[in-house]
Amino acid sequence: MSDTPVIGVLALQGDVREHLIALASADALARPVRRPEELAEVDGLVIPGGESTTMSKLAALFGLLEPLRERVRDGMPVYGTCAGMILLADKILDPRSGQETVGGIDMIVRRNAFGRQNESFEAAVEVAGVEGGPVEGVFIRAPWVESVGAQARVVAEHGGHIVAVRQGNALATSFHPELTGDHRVHALFVEMVRAVG
């Protein structure tokens, strides 16, 4: 890998464009990923927000679910926001019927834990590993983490709930940093990708 890692954004649904912009501003070569061949060409992957059940079904439909699981198991750096966090959880507390996850983080996640769309909010969140003060977190029908296993490390909390977790090369946040113009969380992820290269 050159000094500029190639980072994909899973482009099946959700706020793909915002992640591509955030990654580019953090000095990565960002590209959308919709097919297994495109997944094979990236050094790391962002799984964006959206609707987690729809995303898992589309990933299966596009033949991406198994290749995704395999790459994550093999240590490819991956970052999930909101629905992406749910997809990276080894277990969902209240899964919809037929909902599957990619897994990779030993955590149990509760979907829509912070409430419905009209209860969305923004909050300053201190994220371990991100310097320069708290980041502005946008919480939209956001999940939270009920509990983490021994391998996972809590990197942020809000209102007494776990909202960001890291395990090895996998990072997940309940909130959407890509919607704020503050790209420090993406910069942290780009550094994680570089460290693997």
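Computed from a prediction, not measured in an experiment: that's the story for all the values here.

### Observations concerning the UniProt feature "binding site: L-glutamine" (unreviewed entry) in the protein chain
Logical step 1: Mapped onto this numbering, the UniProt entry gives "binding site: L-glutamine" (unreviewed entry) at Gly 50, Glu 51, Ser 52, Arg 111, Ile 140 and Arg 141. These annotated residues cover 92 residues of sequence, but their C-alpha atoms sit close together, with the largest distance between any two at 12.8 Å.
Logical step 2: Note that Gly 50 resides in the loop between strand S3 (44-47) and helix H3 (52-61).
Logical step 3: Residues contacting Gly 50, with those up to four places away along its chain left out, are Gln 13, Gly 14, Met 55 and Ala 83.
Logical step 4: Structurally, Arg 111 is set in the loop between strand S6 (105-110) and strand S7 (121-125).
Logical step 5: The class of Arg 111 is buried, set by a relative accessible area of 11%.
Logical step 6: Discounting chain neighbours no more than four positions away, the residues touching Arg 111 are Glu 51, Ser 52, Thr 53, Ile 86, Ile 92, Asp 94, Arg 96, Gln 99 and Pro 143.

### Notes on the side chain of Ser 56
Logical step 1: Assignment of secondary structure puts Ser 56 in helix H3.
Logical step 2: Within the structure, the side chain of Ser 56 is placed 3.1 Å from the backbone oxygen of Thr 53, a separation counted as a polar contact.

Each value, and the rule that gives it
Residues numbered from 1 in each chain as written. Predicted model: local features only at pLDDT ≥ 70, side-chain atom pairs only at ≥ 80, totals over all residues. Heavy atoms only, no water. UniProt positions renumbered as here; feature names shortened; annotations may be inferred. Helix = DSSP H or I, 4+ residues; strand = E, 2+ residues; numbered from the N terminus. Contact = heavy atoms within 4.5 Å. Buried < 20%, exposed > 50% of the residue type's maximum accessible area, 1.4 Å probe, protein only. Polar contact = N/O pair within 3.5 Å; in protein donor to acceptor, adjacent residues only side chain to side chain.

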